[in-house]
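# Structure at a glance
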Amino acid sequence: MRTISSVLGSLARVVSTSLMLLFAVTTLHAQDVKEGEKIFKSKCTSCHAIDRKVVGPALKGIPETKDEAWLIKWIKNSQALIASGDADAVKIFEENNKLVMTSFTDLSDDQIKSVLAYITDASKEKPKEAAAGGAAAKDDNASMFMILGLIAVVVLAVVVIVVLNRVIRTLENVIAKNQEAIAAQQEPEDSQRFVKFAKAFVKNKKLVGFTVLMLVALLAVGGWKTMWNVGVHQGYQPVQPIKFSHQIHAGVNKIECQYCHGGAFKSKNASIPSANVCMNCHNTITASEHYDGEISPEIAKIYRALDWNPDTRTYGNNPKPIQWVRIHNLPDFAYFNHSQHVVVAGVECQTCHGPIQNMEEVYQYSPLTMKWCVDCHKKTDIKSDNKYYEDLIKAHERIKKGEKMTAAMIGGLECGKCHY
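Residues numbered from 1 in each chain as written. Predicted model: local features only at pLDDT ≥ 70, side-chain atom pairs only at ≥ 80, totals over all residues. Heavy atoms only, no water.

### Side note on the overall build of the chain
Of the regular secondary structure elements, the chain holds 17 helices and two strands. Counting all 420 residues of the chain, 19% fall into the buried class. Within the chain, contacts between residues separated by at least 24 positions form 60% of all contacts whose residues are at least 6 apart in sequence. On the chain, roughly 31200 Å² of surface is accessible, and the fraction owed to carbon and sulfur atoms is 61%. (Helix = DSSP H or I, 4+ residues; strand = E, 2+ residues; numbered from the N terminus. Buried < 20%, exposed > 50% of the residue type's maximum accessible area, 1.4 Å probe, protein only. Contact = heavy atoms within 4.5 Å. Areas by Shrake-Rupley, 256 points an atom, 1.4 Å probe, with all protein chains shown as cover.)

This is the structure in structure tokens:
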């Protein structure tokens, strides 16, 4: 039914489109003739007439006997056509006493075609009547016949379209009424198919076993991945009590990491700098130029922690510690010594902590897992040209010579050996 409806609709559109095209072609032809008449009367009547010779020859029948492209060239510039040696142009020029025809280079090709259409229309023979009134009456009858014929075609097309539309609506109503019945028939079929599929699935023991095995495997993989990442805090980025920017200090101002974290040179921990280290610079640097003459809110937090009065430049008696949030936290059973890596091995801070000089807020860059540490130890070359390895070599040499060696002589008295 939908197919019939579509065909009928398409037929209606075709009929209406054809009528519109017929009307458009008729209108365009009439407009061309009218425009050509206007141009002919303004530019050509001083030298030419349709049925008689004036200065130039009569134009009746010329558009039918001459090529249109040739006529366009002749009207635009007859002298250029004669000068090119065109035989027809030379013949016409000599037959008309070599009178030079005005060139109409200002006319477009379409305008010249309109003039030719007017000449063709005006050249049609009109029946001779005893009186002018008789010719006018016959022309009026012919025009009336065409108008009545066109009206009849339009009326017929409208009737066909109306009938087709009513047929389409009727078919659509029939389909709409049957949709509920069709849906009611399909629903039981779908439910029955599901029941049949479920029964067949349960009866197939191999398929059930394979499905259960896949579910167990997926749960095992997910559980293993979850447990493997327990205690791994890569990407951890807590909010600190003071918005200290490593990008400004280590990046823009090029301050060495060890200026604040001096413990990285001489102890296990890199250490958190005290607020007094901050005051080495910020007792004078207040960043007030960025806050309309006021002290930066973050620098003011340092002043409050130290109970520092920037007006009197004195310390009070009520300092409070800054409660920094720890980011990098190794398990208690893992021993890591900053000085051994930074001083002895010459490891850059960025190797573990990432591009710290570009971080506005610090986050844990590396996973800090045992696998990550082991992989680093496997690919890192030893730099033996330092005091640590020199002392070990001396200790080995003394042992070879049979000299007495104690634990204290190889760093056994360092606090970090026991207390960390």
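### Considering the side chain of Asn 337
Mapped onto the fold, Asn 337 is located in the loop between strand S2 (314-315) and helix H14 (338-344). Assessed through its relative accessible area of 11%, Asn 337 is described here as buried. For Asn 337, the side chain forms a polar contact with the side chain of Tyr 335, separated by 2.9 Å. (Polar contact = N/O pair within 3.5 Å; in protein donor to acceptor, adjacent residues only side chain to side chain.)

### So, the pattern of salt bridges
For the structure on display, the rule yields four salt bridges. Notably, a salt bridge pairs Lys 371 with Asp 375, separated by 3.1 Å at the nearest N-O pair. You can see Lys 371 and its partner Asp 375 sitting in helix H16 (residues 370-379), four residues apart, about one turn around the helix. The class for Asp 375 is partly exposed, based on a relative accessible area of 33%. One salt bridge connects Arg 398 with Glu 403, and the closest N-O pair in it is separated by 2.9 Å. Classification of Arg 398 as partly exposed rests on a relative accessible area of 33%. The partly exposed category is assigned to Glu 403, whose relative accessible area is 37%. (Salt bridge = Lys/Arg side-chain N within 4 Å of Asp/Glu carboxyl O.)

### So, helix H13 (residues 297-306)
With seven of 10 residues buried, H13 is to be regarded as a mostly interior element. Against helix H12 (275-282), strand S1 (308-309) and S2 lie the buried residues of H13.

### Some details on the nonpolar core
If you look at the biggest cluster of nonpolar residues, it comprises 22 residues, and the most contacted ones within it are Phe 40, Trp 74 and Ile 119. Those elements that place two or more of their residues in this core are helix H1 (2-43), helix H3 (68-76), helix H4 (78-83), helix H5 (87-95) and helix H6 (109-123). Among the nonpolar cores identified, the runner-up in size contains nine residues, and Ile 242, Met 279, Ala 287 and Ile 299 belong to it. (Core = buried A, V, L, I, M, F, W, Y, C linked by side-chain atoms within 4.5 Å.)

### Here's the deal with the packing of aromatic side chains
Aromatic ring pairs are described here by two measures, namely the spacing of the ring centres and the angle between the planes. All told, the structure shown has four aromatic pairs when counted by the stated rule. Ring plane angle 50 degrees and centroid distance 5.4 Å describe the contact between Phe 40 and Tyr 118, whose orientation is recorded as tilted. Of this pair, Phe 40 sits in helix H1 while Tyr 118 sits in helix H6; the two residues are 78 residues apart in sequence, bridging distant segments of the chain. The exposure class of Phe 40 is buried, given its relative accessible area of 4%. Residue Tyr 118 is classed as buried on the basis of its relative accessible area, which comes to 12%. (Phe/Tyr/Trp six-rings, centres within 6.5 Å; stacked < 30°, edge-to-face > 60°.)

### Considering the state of the cysteines
For the structure shown, the criterion picks out zero disulfides. Free cysteine: Cys 373, not disulfide-bonded; nearest cysteine sulfur from Cys 352 at 7.4 Å. (Disulfide = S-S within 2.5 Å.)

### Side note on the confidence of the model for the chain
Here the chain shows a mean pLDDT of 82. Residues at 70 or above account for 84%. Mean pLDDT across the secondary structure elements of the chain bottoms out at H1, with 59, and peaks at H13, with 96. Every residue in residues 21-28 is under pLDDT 50, and counting partners more than four places away or in other chains gives one contact. A low-confidence stretch, residues 128-133 (pLDDT under 50), is modelled with three contacts involving residues beyond four sequence positions or located in other chains. (pLDDT = per-residue confidence, 0-100.)

### A few points about unusual backbone geometry
Although it is not a glycine, Ser 271 sits at a positive phi angle of roughly 70 degrees. As for its position among the elements, Ser 271 is in the loop between helix H11 (263-266) and H12. What makes Ser 271 partly exposed here is its relative accessible area of 34%. One non-glycine residue, Asp 292, lies in positive phi territory at about 55 degrees. Considering the arrangement of structural elements, one finds Asp 292 in the loop between H12 and H13.

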